[in-house]
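Summary of the model geometry
The lines below spell out each chain.
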Number of protein chains: 2
Amino acid sequence: MTDASSLDAGQLAAYLALKEVGSLIEHAVEQQLRADGGLSGPQFQILASLADAPRGRLRMTDLADGLVYSRSGLTYQAAQLEKAGLVTRAPAEEDERSIIVTLTPRGRELLGKVMPGHVEVVQRLLIDVLDPADLATMAGILNRVRDRMRTGPPRSAAPRRSAGARKPR
Amino acid sequence: MTDASSLDAGQLAAYLALKEVGSLIEHAVEQQLRADGGLSGPQFQILASLADAPRGRLRMTDLADGLVYSRSGLTYQAAQLEKAGLVTRAPAEEDERSIIVTLTPRGRELLGKVMPGHVEVVQRLLIDVLDPADLATMAGILNRVRDRMRTGPPRSAAPRRSAGARKPR
DNA sequence: TATTGTTATACTCTATAACTATA
DNA sequence: TATAGTTATAGAGTATAACAATA
């Protein structure tokens, strides 16, 4: 990837570093989750989302929206988690079409068992390497990127290529 | 993931932002690669690595090392790419055990066809959102993290998370 | 024996489309 | 008709272990 057709060296370096660090951390985290709790990344995300929700309950659709993937993909994962006794599924009372997924005590327990290791990995790979100021700077920058991404990718304004020179914020 | 057991809010925010931005960009890039050239992310990475190498040639092992995954995984991908006429595989002359993977003209051509779109996505999602200073700052920080990760994760400092975990599934 | 790579196999994940049922 | 979710299915990706060939 020497010639990226219009990304200068610095831009390319930023992109590649982001990509690599992201995937390395993800990899390390997934290994830990698997080893400590037999959980895959997606499964952990579902359990964590539920743990974060009011009564450990969320509708399938809300879960799917928060986590990116398709309905059917979530159905598959939810079925796995249900088989393992980590969540239950039941129709919502107000709307019989909706399914409410609920974290079971056992699910919460497993999450508690896995969390320390999870935190340890993140701490060791990311937090410990940076001083608080850098960490805050990075978070700020990345949040800006994330917000922009979520605000609908300006598909309309695609043909933009002014290599930098923009002061967002 | 409200309670992360020992990550403060800022640390957690940094981690989550990194994770989310990384996966959103990866997703967008993979979609573009698939649409513009019928390539998966891993396949593109292999082709790009080859394009970067001296004569468009690399040994299987060197490819695998550079790209993370297992030998067998690379064998699979290399076979796909060979079927598509994008690379060739031939034993090395100095060491009959080694296989040299070579980018074909057609492979290089496809790469050329896919690159503009690839760059455009990165530009739109990442570069355009940040001013040059932020970009440089982020690259610097992430490079520090990456270097540390590569310098063998101080496995010594990881008190193994025994905790009899091992059951869900 | 160690290294390079392939094969066989098995499993996870994801997506699309067709389908059911509620609203 | 529109929405929520499931099912059937199909395919891609990855890893592990056993294997063959070369060094």
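Residues numbered from 1 in each chain as written. Chains lettered and ligands numbered in written order. Predicted model: local features only at pLDDT ≥ 70, side-chain atom pairs only at ≥ 80, totals over all residues. Heavy atoms only, no water.

1. Focus: the environment of Ile141(B)
Relative to the assigned elements, Ile141(B) resides in helix α6 (residues 132-150). What makes Ile141(B) buried here is its relative accessible area of 2%. The contact partners of Ile141(B), leaving out residues within four places of it in the chain, are Leu130(A), Asp134(A), Thr137(A) and Met138(A). (Helix = DSSP H or I, 4+ residues; strand = E, 2+ residues; numbered from the N terminus. Buried < 20%, exposed > 50% of the residue type's maximum accessible area, 1.4 Å probe, protein only. Contact = heavy atoms within 4.5 Å.)

2. Examining the sheet that holds strand β2 (residues 87-91) of chain B
Residues and elements named next belong to chain B. In spatial order, the strands read β1-β3-β2; together these three strands make up an open sheet with antiparallel pairing. Looking at strand neighbours, the two that pair on one side only are β1 (57-59) and β2, the edges of this open sheet. Pairs of neighbouring strands in the sheet enclose a mean axial angle of 25°, with direction left out of account. With three bridges connecting them, β1 and strand β3 (residues 99-103) associate as antiparallel partners. Within β3, the position partnered with Leu58 by the bridge is Val101. (Pairing = 2+ DSSP bridges. Axes fitted to C-alpha atoms, helices over the stretch in contact; angles between N-to-C directions.)

3. Thoughts on the protein's contact with DNA strand D
By nearness alone, 22 residues border DNA strand D, and Thr61(A), Thr75(A), Arg89(A), Ser40(B) and Ser72(B) come closest of all. Considering the 4 Å shell around the protein, atoms of DNA strand D inside it are sugar or phosphate in 75% of instances. Within the backbone of Glu96(B), a nitrogen or oxygen atom sits 2.9 Å from a phosphate oxygen of DNA strand D. Contributions of two or more residues to the surface near DNA strand D are made by α3 (60-67) and α4 (71-83) of chain A together with α2 (41-52) and α4 (71-83) of chain B. Residues that form the surface near DNA strand D fall into these classes: five nonpolar, nine polar and eight charged. (Near = heavy atom within 4 Å. Polar contact = N/O pair within 3.5 Å; in protein donor to acceptor, adjacent residues only side chain to side chain. Nonpolar A, V, L, I, M, F, W, Y, C, P; charged D, E, K, R; others polar.)

4. Notes on the sheet that holds strand β1 (residues 57-59) of chain A
Residue and element names in this part refer to chain A. If you walk across this open sheet you meet the three strands as β1-β3-β2, and the pairing is antiparallel. Looking at the sheet topology across the chains shown, the edges are occupied by β1 and β2 (87-91). Neighbour-to-neighbour, the strand axes of this sheet turn through a mean angle of 25°, independent of strand direction. Of the pairings in the sheet, the one linking β2 to strand β3 (residues 99-103) comprises five bridges and is antiparallel in character. If you follow Arg89 over to β3, its bridge partner there is Val101. The strands touched by helix α2 (residues 41-52) are β1, β2 and β3; relative to β3, the strand with the most contacts, the crossing angle is about 90°.

5. Digging into the protein's contact with DNA strand C
Taken together, the neighbourhood of DNA strand C is formed by 23 residues, with Ser40(A), Ser72(A), Arg97(A), Thr61(B) and Thr75(B) sitting nearest. Near the protein, within 4 Å, the atoms of DNA strand C are sugar or phosphate in 71% of cases. Ser40(A) has a polar side-chain atom sitting 2.6 Å from a phosphate oxygen of DNA strand C. Within the contact set of DNA strand C, a phosphate oxygen lies 3.0 Å away from a backbone nitrogen or oxygen of Glu96(A). Secondary-structure elements contributing two or more residues to the surface near DNA strand C are α2 and α4 of chain A together with α3 (60-67) and α4 of chain B.

6. Regarding the nonpolar core
One finds Leu39(A), Leu126(A), Leu18(B), Leu39(B) and Leu126(B) to be the most contacted residues of the largest nonpolar core, which totals 92 residues. Beyond its immediate sequence surroundings of up to four residues, Leu126(A) is in contact with Ile25(A), Val121(A), Met138(A), Tyr15(B), Leu18(B) and Val145(B). (Core = buried A, V, L, I, M, F, W, Y, C linked by side-chain atoms within 4.5 Å.)

7. Here we look at the packing of helix α1 (residues 9-37) of chain A against helix α1 (residues 9-37) of chain B
A pair of packed helices is characterised by two quantities: the angle between their axes and the separation of those axes. Relative orientation of the contacting elements α1(A) and α1(B) amounts to 110°, with a least axis distance of 9 Å. One finds that α1(A) runs roughly perpendicular with respect to α1(B). Between α1(A) and α1(B) the crossing geometry is left-handed. Contact with α1(A), carried on its side by Tyr15(A), Leu18(A), Val21(A), Ile25(A) and Val29(A), involves Tyr15(B), Leu18(B), Val21(B), Ile25(B) and Val29(B) of α1(B) and no other residues of that element. Its residues placed into classes, the contact of α1(A) with α1(B) shows 10 nonpolar, no polar and no charged. (Parallel < 35°, antiparallel > 145°, perpendicular 65-115°, else oblique. Left-handed = near helix turned anticlockwise from the far one by under 90°.)

8. Re a negative patch on the surface
Taken together, the side chains of Glu26(A), Glu30(A), Glu26(B) and Glu30(B) define an acidic patch exposed on the protein surface. Looking at where Glu26(A) falls in the secondary structure, it is placed in helix α1. (Patch = residues over 30% accessible without salt bridge, like charges linked within 9 Å, V, L, I, M, F, W, Y side chains within 5 Å. Areas by Shrake-Rupley, 256 points an atom, 1.4 Å probe, with all protein chains shown as cover. Salt bridge = Lys/Arg side-chain N within 4 Å of Asp/Glu carboxyl O. Lys, Arg positive; Asp, Glu negative; His and termini not counted. Charge placed at Lys NZ, Arg CZ, Asp CG, Glu CD.)

9. As for α6(B)
Compared with an ideal rise of 1.5 Å per residue, which puts 19 residues at 27 Å, α6(B) spans 27 Å between its outermost C-alpha atoms and is within 8% of the ideal. Three or more residues of α6(B) are buried, namely Asp134(B), Leu135(B), Met138(B), Ala139(B), Ile141(B), Leu142(B), Asn143(B), Val145(B), Arg146(B) and Met149(B). On its buried face, α6(B) sits against α1, α5 (105-127) and α6 (132-150) of chain A together with α1 and α5 (105-127) of chain B. (Expected span 1.5 Å × (residues − 1).)

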